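Chains, contacts and geometry: an overview
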Amino acid sequence: MPVSLIDTLHQRRQNLANLINFPAILWAGNSSPRNFPANVFPFRASSHFLYFAGLPLANAAIRMEAGKLELFIDEATPSSALWHGETPKRDEIATQIGADAAYPMTELASTIEGAATIAVQDASTWTQQTQLFNRMVLPQLPPQGIDLELAKAIVKLRLIHDEGALTELRKASAVSVAAHQAGMRAVKKCKTEAEVRAAMESVIIAHEMQTSYNSIVTVHGEVLHNEHYHHPIQVGDLLLADVGAETSTGWAGDITRTFPTSGKFSSTQRDIYDVVLAAHDACIAAMHPGVEYADIHLLACKVIAEGLVDLGILQGNPEELVEKDVHALFFPHGIGHLLGLDVHDMEDLGDLAGYEEGRDRSQRFGLGYLRLNRTLRPGMLVTIEPGFYQVPAILQSARSHYQYLINWERLQQFADVRGIRIEDDVLVTNTGTEVLTNALPTAAKEIEELVCSGEKI
Ligand code: GLY
Ligand code: MN
Ligand code: MN
């Protein structure tokens, strides 16, 4: 039987009470105006708030102590009803989220003593937090004292997804998959990247969801977080689409596929695609509880180095090439990250969630961008996203240093491969893994078939 939202929220509050012996106050945050107060940027509640409160309330706070939750939120004003319609009353919201009591925001000030908090991203809220607590509470500052203890407790809980979270994460995965299918089916009829993006995001919007990050839909996949959509789609292009849906309560999907806009990979594109896919598959096959995520990253590096040696692009022993970080000229980022209420889950806390205590980021070029360095445990959800990119600035500056390890003439033959990434959302289970996004194919032939199937619509 599925667990109810209220049971899930009660359990999370109790779990927190088992880890800390002081009160915690979490703010939802507020929307920021674009030009006048009622014209705002889209609101997104803080993920720590969402985890315990369950609803994307704006300008609200919760105070938790010993498993009990008090909600602080103001009633909507009469003029708000004129412009925005009737909204639920404070007590109705309190019932929905299983709060033990509910008060206006002004009453929060008297409950601050001895409490811990976590900084919210929007300036109006962290200013309020700083004033009320009479200490600096800034998103850029690492938490200290009991705030740090609270942050560590929340990391411990949010690292391992409960049933309520997994139900939402599965919904986010399913809609993210549908968005990618729509993009692949649409691409042959699209003239620009923007049109493909529209086909993908329309699926997400139609499910009353939003994107969990700014979509990347580009024929310049070598620009890792490309957020421009104006390029025309031309014959022979590969299109990299990194698009994810987020459910109404904030749970994220994060998928990347790279597909030939004409419906058929060129032989060079196919060669590199299969190298990236081999790394993707090897990583997922090697994942199970007890395995180090850093070793999964190194496995991807090795498989990519082997593939590039086989293709004649790299020269030398694959393991030695990885030790010298030569693979990182083409795969400069980490193999993935935590996924949950945020894409790059809990990175508002720096590396507190991503790195096990006592571990620090490596100074090595090939390891420094690794966002997760923990032992895998059942209930963790991570992305696996190997890639291959030809970034002109990186390759140019590497030319003299790596003169004999790269066959530059051979590399030129792969000029039609700018960027390829394949990304799935992988849940660690008791016995291995479950790929939440596996309804979306990865094999080159199936990708081609999906793109070509668009012509029949
Ligand atoms: N969508 C951003 C990432 O995959 O990390
Ligand atoms: Mn990702
Ligand atoms: Mn992604």
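Our subject is the structure that appears above.
These remarks concern the structure in this document. A quick note: this is a predicted structure, and the numbers were derived from the prediction, not measured.

A separate point is the pairing of strand E10 (residues 255–260). In terms of residue burial, E10 counts as a mostly covered element, since six of its six residues are buried. Judged by which residues are buried, E10 turns out to be covered on both faces: Ile255, Arg257 and Phe259 on one side and Thr256, Thr258 and Pro260 on the other are all buried. Pairing of strand E8 (residues 238–243) with E10 involves six bridges; the strand directions are antiparallel. Bridge assignment links Asp242 to a residue of E10, and that residue is Thr256.

Turning our eyes to something else, we now look at the layout of surface pockets. Size it by volume and the largest pocket reaches roughly 960 Å³. Along the wall of the largest pocket there are 24 residues; nearest its centre are Asn30, Ala58, Ala76, Ser80 and His84. Listed by contribution, the elements that provide at least two residues to the lining of the largest pocket are helix H3 (78–84) and helix H4 (90–97). The greatest single-element share of the lining of the largest pocket, amounting to four residues, is contributed by H3. Broken down by class, the residue content of the lining of the largest pocket amounts to twelve nonpolar, eight polar and four charged. Volume-wise, the second largest pocket comes out at about 660 Å³. Along the wall of the second largest pocket there are 31 residues; nearest its centre are Arg44, Ala45, Ser47, Gln121 and Asp342. Taken together, the residues of the lining of the second largest pocket sort by class into eleven nonpolar, 13 polar and seven charged.

Within the protein, the manganese ion (ligand 3) binds to Asp242 (OD), Asp242 (OD), Asp254 (OD) and Glu423 (OE); these donor distances fall in the range 2.0 to 2.4 Å. One can describe the site at the manganese ion (ligand 3) as irregular: its six donor atoms subtend angles covering 56 to 171° at the metal. Coordination of the manganese ion (ligand 3) draws on donor residues from a single chain, spaced D-x11-D-x168-E in sequence. Between the manganese ion (ligand 3) and the manganese ion (ligand 2) the interatomic distance comes to 3.2 Å, and Asp254 is a ligand of both metals. You can see Asp254 sitting in the loop between strand E9 (245–246) and E10 and its partner Glu423 sitting in the loop between strand E13 (419–421) and strand E14 (424–428), a full 169 residues away along the chain. Side by side, Asp254 and Glu423 carry an identical accessibility label, which is buried.

Residues in contact with ligand 1, as listed here, are Tyr213, His225, Asp242, Asp254, His337, His344, Glu385 and Glu423. Within the contact set of ligand 1, an oxygen atom lies 3.2 Å away from a side-chain nitrogen or oxygen of Asp254. A distance of 3.1 Å separates an oxygen atom of ligand 1 from a polar atom in the side chain of Glu423. Protein chains shield 92% of the accessible area of ligand 1, which is 200 Å² for the free molecule. When its residues are assigned to classes, the shell around ligand 1 shows one nonpolar, three polar and four charged.

Criteria and cut-off values
- Residues numbered from 1 in each chain as written.
- Chains lettered and ligands numbered in written order.
- Predicted model: local features only at pLDDT ≥ 70, side-chain atom pairs only at ≥ 80, totals over all residues.
- Heavy atoms only, no water.
- Buried < 20%, exposed > 50% of the residue type's maximum accessible area, 1.4 Å probe, protein only.
- Helix = DSSP H or I, 4+ residues; strand = E, 2+ residues; numbered from the N terminus.
- Pairing = 2+ DSSP bridges.
- 1 Å grid on protein atoms, 1.4 Å probe; cavity = no way out; pocket = protein on both sides within 12 Å on 5 of 7 lines; lining within 4 Å.
- Points joined across faces, edges and corners; volume = space filled by probe spheres on them.
- Nonpolar A, V, L, I, M, F, W, Y, C, P; charged D, E, K, R; others polar.
- Donors = N, O, S within 2.8 Å, 3.2 Å for Na, K, Ca; no water.
- Tetrahedral: all angles 85-135°; square planar, octahedral: opposite > 155°, others 65-115°.
- Near = heavy atom within 4 Å.
- Polar contact = N/O pair within 3.5 Å; in protein donor to acceptor, adjacent residues only side chain to side chain.
- Areas by Shrake-Rupley, 256 points an atom, 1.4 Å probe, with all protein chains shown as cover.

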